Each structure stands twice: as structure tokens, then as C-alpha cells.
Amino acid sequence: MSTERLTVAQALVRFLAAQHVERDGRRRRFFAGCLGIFGHGNVAGLGQALQQHHDLLPYLPARNEQAMVHVASGYARQANRLGAYACTSSVGPGATNMVTGAALATVNRLPVLLLPGDTFAGRGPHPVLQQLEAPQDGTVSVNDAFRPVCRYFDRITRPEQLVDAALAAMRVLTDPAETGAVCLALPEDVQTEVVEVPAAFLAERTWTIFRRPPAPEAIERAAALVRGARRPLLVAGGGVIYAEATAALREFADATGIPVGETQAGRGALPSAHPAALGAIGATGTPAANRLAREADVVIGVGTRWSDFTTASRSAFQDPGVRFVNVNVAGLDAAKLAGLAVEADARLGLDALRAALAGRRADAAWTERAAGEAAAWDEEVRRLYGQGHGPLPAQAEVIGAVNDAADERDVVVCAAGSMPGDLHKLWRTRDPDGKGYHVEYGYSCMGYEIPGAMGVKLAAPDRRVFAMVGDGSYLMLPGELATAVAEGVELIVVLVQNHGYASIGALSRSVGGAGYGTHYRTAEDGALPVDDGGAYAATPVDLAANAESLGARVLRAASVAELRAALAEAREHRGGPVVVHVEVDRYAGVPSYESWWDVPVAAVGGDDAVRAARAEYEAARRNQRPYVEAP
Ligand SMILES: Cc1ncc(C[n+]2csc(CCOP(=O)(O)OP(=O)(O)O)c2C)c(N)n1
Ligand SMILES: [Mg+2]
């Protein structure tokens, strides 16, 4: 058997560069490159190896470790999980900065490979700079914090462990049911040590992602349930898009007349103009989807993890006999809401169920009702887009302007604040592959927007990418704007200034609070910085100037007309990111439509407003359903 003598880091870099994936006969490289920030924990090991093999695995220097994992997540999602980035960090703070990124990737079921440096396996110089000493356990390092947020964790304490660990990492990264963040912690001494690896370990390898077919019996039972339904509804989740099952979904909807609501990750699975499309469902859903959900008797969830936003905290489905059919590649999700578990690839599952229904259609009255509700909702979107709010515009008008500026294949990216809920409802989706809408709402992590959008653009250079970012999100993680400038990544960042956490201010007021602490404190605020819906002082910050200082082209818009002009200019900009800065009316929100989100209210104490909110909360909770009946 031929072998090669390499450092552990060199062997790992060569292994990563040789990995490929294949699905439906289409094959591609798995790792687009390695993002990183060097420190003593990785510069001599992985840093040396990446320099030596820069032609095999491109290196992309980032500005913040959390953000670089977001870049990797954005990339993986846009690539339908058929591509990924590795992320290398130093030991200590560089490593723990990646923990939040890891959780985001795992919650959203996105493959990212994390390669944090670790303290010396040989322990010679311990405690090394940035080492956390655990008096009770000699094996602990800060990297153990990756264990709960990763789908696979390993620490390479001996060079020869690399072969086994690298293969295990790839198995998890390329498994659609298990994928998420994978962490291989690399002690800084081990990275530089010699390992004799078999040539086969370094050879090109293809991981075929076979589509998992549904069990025929499961499809028969699912079809029987759907045939017996009077008011069937389908809820499309991210799995529909990842499995490239949007065409199968259209065919299913066309053949059955069953209306379709969409989760955040599944938004765009069916273009807004499709007659069966109800748009967003759940706490941030449309009245069209939420009214039909309330009455549905059989709900087919495809590729959804049934988050609280989708089920309106288990209040969305009110028919006492409602049953669920879950088509999902992951057993964890297929079993939720006591549904009939159809463990399968979304495309194969949809095709099999359509075939089993053999031309059987939902009641015409139900299908027509869905189309009518959808048309009424479209009118409401038109109204909100063009409401002419003043003197500052409403956020909905900003969304309308960006939607108009985006072409069919362009992508909108967002993650936290009031924008995700507004986008979920209002964004008109058009891309037939469902890749035009990218709101990270599994972890809803402030700061994801700019790095996530960068990952999207790296995965889809032929699409225009709009990042919608609130002032709060921007302030958390603006640094990757500098990376986008340096790397010439073309993004259109729409920076929406409303002087603080408008979403949480509104949430606070809805639970009887006064928006305490949700408006950035200004000199006038004194000790009690409230946000009670009245006049407020603008914060003395200039985020446009901040973006400019990072090297971005910046356009300032003071009205909807100026915004539209700025977006037209931004569309033509080449060579790097453009930031379009616009201020909106903090209190001109998009309403919630016949839905609910469970946020507990203080049971004792507080003032009249809190007591009233508690009473309302207790009443709303009575609409919660356990969803435990067997299918
Ligand atoms: C990292 C992180 N910290 C805290 C939160 C809780 N949170 C959700 S939205 C929000 C405020 C977002 O502010 P901004 O980006 O300005 O958007 P706005 O609410 O004003 O629309 C906060 C603090 C979060 N989602 N992520
Ligand atoms: Mg804000």
C-alpha cells in the first residue's frame, strides 16, 4: 500500500480538496475553500498547509470567526447543501467565536466544517495563551462547547486519528438527514506532526447522495388519509428546496388542488403567482394561509421542522380532528406533531404521494376558497407596498421597492429583527427553484445578513443578492463588509435605520412593557429608556458613514423615490458591495394576521398593562393544541 508522509494539516487540506458530491448524476467539488483567521493555534499548522496548497483549496481571510461561519452557512444553503466551506480558527476566543455560527448551521441543517485550533495534545507548555484550565478535568478545552451545537465532534489528539475522523466528518456533512456543523478540533502541536496516510485517503472521492424513497406502505397510508380529507393543506419547508423538489411540488399542487403554505425556510417553494400559493404560514403568515390552516383536517408537512413560528406555537391548526402527514428525510422531524412519518426525500415523497392519489382532487370549493384568499392577500400586499407613509417611509414600502428592483433569480437575505416577519408575508417570490428567498429563521441570528449574503453570492455569482439588515443587526457584525470589499463580492446591502430594536420594542409593548431598553439610549432618555410608541430622539450614529469607512459604495435615500433610484443605481454597480441606507418609521409596522406567538407574560407584579397582557396571554394559550392524536 502506498503512503505519503505529511503533516496532519497538510493531509487534511489535501483530503478536503479531493472531496466531491454527486446527486442525480450531477457531480461537483464539495469544499469551495477554507475561510479563516489565523492565530498561534493554527498559523503554523493549517496556515502552512493552506499556503502550500493554495492552488488546491482557496483560502479566504475573514474578519470575524462567527461571521465566517455565517458565510459558510449562506453558501451551503444556496448550494442546496451540495457544497460547503471549511472554517479555520485559532485556539480560545477565535474558536469560541465560531460556536454561535455552529449552532446556526446545525439548527438550519446546513453543512459547515469547523477546524478550531486546540490546546497542545502533548500539554508541554500548558497553560498556553488563551487556555481555559478546568481543575476537574484534564481533557477539557473551550472547544468542548462545540459538542452540543455540532452533529459530529472530534478532537485529533494523535495524528493517525485523522483518517477516521475526516471520513466520519464527511459522512455527516453529506447526509441530508444528519447534516449540520461538524467540528474537528485540532491541537496546535498535532497539526504540525507527521502522519503517514494511505494514498487512497488523499485520492479523489465522491459521496453520492442517494434519494431516499418512501416506504410504499407509508405512502399508501398517507394517501388514504389525504383521500379522506375534506380540507387538506400542504406546508412546504426548507427540505422541498434543498431536495430540488419545487417542480414536484408544483405538479403535486396542480394535480391535487391542495393549497400550499410556506415556512420561512420553505418560502419560495411555490412562486407567489401560483394559484395554490397561500404564501407564508404561521405566526408571520398571511391571512390566506392562516385561515385555511385553522380549518384544515389533514396537513401534509414536507421538509419542515415544525418550528413554533410555523405552528403559531401550536395554535395554527384548530380542527379538533386534524392529522399530520410528515414527509421528511430526518426521523426527528417526520415524527413531530404525532404525524404519520413518511421518512423520505421530499421529491420522491411528493411524487409517490401524487401517484398514489391518482388524480384525486381536493373539493373544488376548498381550492377556490384558497385562490380567493390568495388574491385578496395580493391586494393587501399591493396596498402595503404603496401606502405612502410619511414623513419617513414604512418598512413595507422598502420591501416593495427592493422586490421591484429584484429580478426573478435575485436573492433576498435576512435573519433577525422585524424584517424577517415582514419579508415572510410580503416578499413576492418568483424563482422556480425557490432560491430567491433566504431568510435564516432557524436561529434568527442578528449579524447573519451581510456574511450570509456573501456566502450566497459566492455560491451563486450569477444572481444579484440583496441583504436586508436592520441597524441593530448591522452593529453586531458589520466587519465582513470589509471582506466583501477586499474580495470584490458584489452585494446590495439595504441598511434599514430605525434607531434600535423596533421588533423587540413592539414585542415588549405587546407583553405590557414600555419597550424598556429596546431603543438605543440617548442623552434625553435618563434612567428609564422606554420605547412607548411616542416621539423618540434619533441616535447620533451614522451607519452610512460607517459602511463607507469600510470601503463600501454607499447611497443614502431619504424617501421611497430616492430609494428606488438608489436601488436602480446599485443594480448596475460592479466590483464590490453597495450599501443603500434608508431610515424608516420605527412604528409603522406590518400587522400580524390572525396568528399568535407564545411569549410568556409576567404572572404577578407589574402594572395594569402587564396584568391586561397576562389575561390576554392566558386566553390565547387556551387555543394551544397538543397535537398528540395518532394518525
Ligand atoms: C444575536 C442575537 N441577539 C439577540 C437577538 C434578539 N433580537 C431579535 S430581533 C432584535 C432586534 C433587531 O434590531 P434591528 O436589527 O435593528 O431590527 P428591528 O427590530 O429594528 O427591525 C433582537 C435584539 C437575536 N435574534 N440575535
Ligand atoms: Mg432597528
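Residues numbered from 1 in each chain as written. Chains lettered and ligands numbered in written order. Predicted model: local features only at pLDDT ≥ 70, side-chain atom pairs only at ≥ 80, totals over all residues. Heavy atoms only, no water.

Participant: Kindly report on the site of ligand 1, identifying the contributing residues and their values.
Facilitator: Residues in contact with ligand 1 amount to 15 residues; listed here are only the nearest, Ser418, Asp471, Gly472, Gly500 and Ser503. Here a nitrogen atom of ligand 1 and a backbone polar atom of serine 444 are 2.9 Å apart. Relative to its unbound accessible surface of 580 Å², ligand 1 loses 76% to contact with the protein. Listed by contribution, the elements that provide at least two residues to the shell around ligand 1 are helix H19 (471-476) and helix H21 (502-510). Residue contributions to the shell around ligand 1 peak at 4 residues, all from H19. Residues that form the shell around ligand 1 fall into these classes: 5 nonpolar, 9 polar and 1 charged. (Near = heavy atom within 4 Å. Polar contact = N/O pair within 3.5 Å; in protein donor to acceptor, adjacent residues only side chain to side chain. Areas by Shrake-Rupley, 256 points an atom, 1.4 Å probe, with all protein chains shown as cover. Helix = DSSP H or I, 4+ residues; strand = E, 2+ residues; numbered from the N terminus. Nonpolar A, V, L, I, M, F, W, Y, C, P; charged D, E, K, R; others polar.)

Participant: Pulling in residues and values, what's your account of the packing of helix H3 (residues 65-78) against helix H4 (residues 93-107)?
Facilitator: Contact pair H3 / H4: the axes reach a minimum separation of 7 Å and the direction vectors enclose 30°. When the interaxial angle is binned, H3 and H4 end up roughly parallel. As H3 runs across H4, the sense of the crossing is right-handed. Touching Glu65, Gln66, Met68, Val69, His70 and Ser73 of H3 are Gly94, Asn97, Met98, Thr100, Gly101, Ala102, Leu104 and Ala105, all from H4. When the residues that make up the contact of H3 with H4 are grouped by side-chain class, the tally is 6 nonpolar, 7 polar and 1 charged. (Axes fitted to C-alpha atoms, helices over the stretch in contact; angles between N-to-C directions. Parallel < 35°, antiparallel > 145°, perpendicular 65-115°, else oblique. Left-handed = near helix turned anticlockwise from the far one by under 90°. Contact = heavy atoms within 4.5 Å.)

Participant: Let's hear about the sheet that holds strand S18 (residues 411-414): which residues, and what values?
Facilitator: Here 6 strands make up an open sheet; going across it, the order is S19-S18-S20-S21-S23-S22 and the pairing parallel. The sheet is open, and its two edges are formed by strand S19 (437-439) and strand S22 (553-557), each paired on a single side. Within the sheet, the average angular offset between the axes of one strand and its neighbour, ignoring direction, is 20°. Here S18 pairs with strand S20 (residues 465-470) via 3 bridges, running parallel. Considered in S20, the bridge of valine 412 is made with phenylalanine 466. (Pairing = 2+ DSSP bridges.)

Participant: Describe helix H23 (residues 560-572), with residues and values.
Facilitator: One turn of the α-helix equals 3.6 residues, which is why residues spaced by three or four share an orientation. For H23, spanning 13 residues, the distance from its first C-alpha to its last is 19 Å, which sits close to the expected 18 Å at 1.5 Å a residue. Taken together, the buried positions of H23 are occupied by Leu563, Ala566, Leu567, Ala570 and Arg571. Around the axis of H23, the buried residues are gathered within 140° of arc, so they sit on the same side. Structural note: H23 exposes Ala561 and Glu572 on the side pointing more than 90 degrees away from its buried face. (Expected span 1.5 Å × (residues − 1). Buried < 20%, exposed > 50% of the residue type's maximum accessible area, 1.4 Å probe, protein only. Arc of directions from axis to C-beta.)

Participant: A description of the sheet that holds strand S3 (residues 26-29) should follow, citing residues and the corresponding values.
Facilitator: Spatial ordering of the open sheet is given by S3-S2-S11, a layout of 3 strands whose pairing is mixed. Each end of this open sheet is capped by a strand with a single partner; those strands are S3 and strand S11 (205-208). Taken pair by pair, the neighbouring strands of this sheet meet at an average axis angle of 30°, ignoring direction. Of the pairings in the sheet, the one linking strand S2 (residues 19-23) to S11 comprises 4 bridges and is parallel in character. Paired with histidine 20 across the bridge in S11 is threonine 206.

Participant: Describe the coordination of the magnesium ion (ligand 2), with residues and values.
Facilitator: Around the magnesium ion (ligand 2), the protein supplies Asp471 (OD), Asn498 (OD1) and Gly500 (O) as donor atoms, at distances of 2.0 to 2.1 Å. For the magnesium ion (ligand 2), the donor residues sit on a single chain with the sequence spacing D-x26-N-x1-G. For glycine 500, a relative accessible area of 4% translates into the label buried. (Donors = N, O, S within 2.8 Å, 3.2 Å for Na, K, Ca; no water.)

Participant: Summarise the packing of helix H18 (residues 449-459) against helix H20 (residues 480-487); cite the residues concerned and give the values.
Facilitator: Where H18 contacts H20, the two axes come as close as 9 Å, and the packing angle between them is 30°. With respect to their mutual orientation, H18 and H20 come out roughly parallel. Across the interface between the two elements, Ile450, Pro451 and Met454 from H18 touch Glu480, Leu481, Thr483 and Ala484 from H20.

Participant: Just give me the short version of the layout of surface pockets, but keep the residues and values in it.
Facilitator: Quantified by volume, the second largest pocket comes out at close to 740 Å³. Taken together, 46 residues form the lining of the second largest pocket, with Arg81, Arg109, Gly239, Tyr242 and Gly303 sitting closest to its centre. Secondary-structure elements contributing two or more residues to the lining of the second largest pocket are S11, helix H9 (238-242), helix H12 (308-311) and strand S16 (323-328). No other element matches the 3 residues that H9 contributes to the lining of the second largest pocket. Split by residue class, the lining of the second largest pocket holds 19 nonpolar, 16 polar and 11 charged. (1 Å grid on protein atoms, 1.4 Å probe; cavity = no way out; pocket = protein on both sides within 12 Å on 5 of 7 lines; lining within 4 Å. Points joined across faces, edges and corners; volume = space filled by probe spheres on them.)

Participant: Can you lay out the environment of leucine 475 for me, pointing to particular residues and giving the numbers?
Facilitator: Inspection of the secondary structure assignment puts leucine 475 in helix H19. Overall, the relative accessible area of 44% leaves leucine 475 in the partly exposed class. Not counting chain neighbours up to four residues away, the residues in contact with leucine 475 comprise Tyr520 and Leu543.

Participant: Please provide a residue-by-residue account of H4, values included.
Facilitator: Taking 1.5 Å as the rise per residue, H4 with 15 residues should run 21 Å; its terminal C-alpha atoms sit 22 Å apart, in good agreement. Of all the bends in H4, the greatest measures close to 30° and is centred on threonine 100. Three or more residues of H4 are buried, namely Gly94, Ala95, Met98, Val99, Gly101, Ala102, Ala103, Leu104, Ala105 and Thr106. The secondary structure elements touched by the buried residues of H4 are H3, strand S6 (84-89), strand S7 (112-118) and strand S9 (181-187). Arginine 109, located one to two residues past H4, shows a positive phi value of around 60°. (Bend = angle between axes of the 7 residues up to and from the residue.)

Participant: Before we move on, could you go through the pairing of strand S23 (residues 578-583) and cite the residues and values that matter?
Facilitator: Moving residue by residue along a regular strand, the side chains alternate between the two faces of the sheet. Among the 6 residues that make up S23, 5 are buried, leaving the element largely enclosed by the rest of the structure. Pairing of strand S21 (residues 492-497) with S23, which is carried by 6 bridges, proceeds in the parallel orientation. Paired with valine 493 across the two strands is valine 579, which belongs to S23. Strand direction decides the pairing type here: S22 and S23, joined by 5 bridges, are parallel. Paired with arginine 553 across the two strands is valine 578, which belongs to S23. A crossover links S22 with its parallel partner S23, the connecting element being H23, and its sense is right-handed. (Right-handed = clockwise from strand over helix to strand, strands pointing away.)

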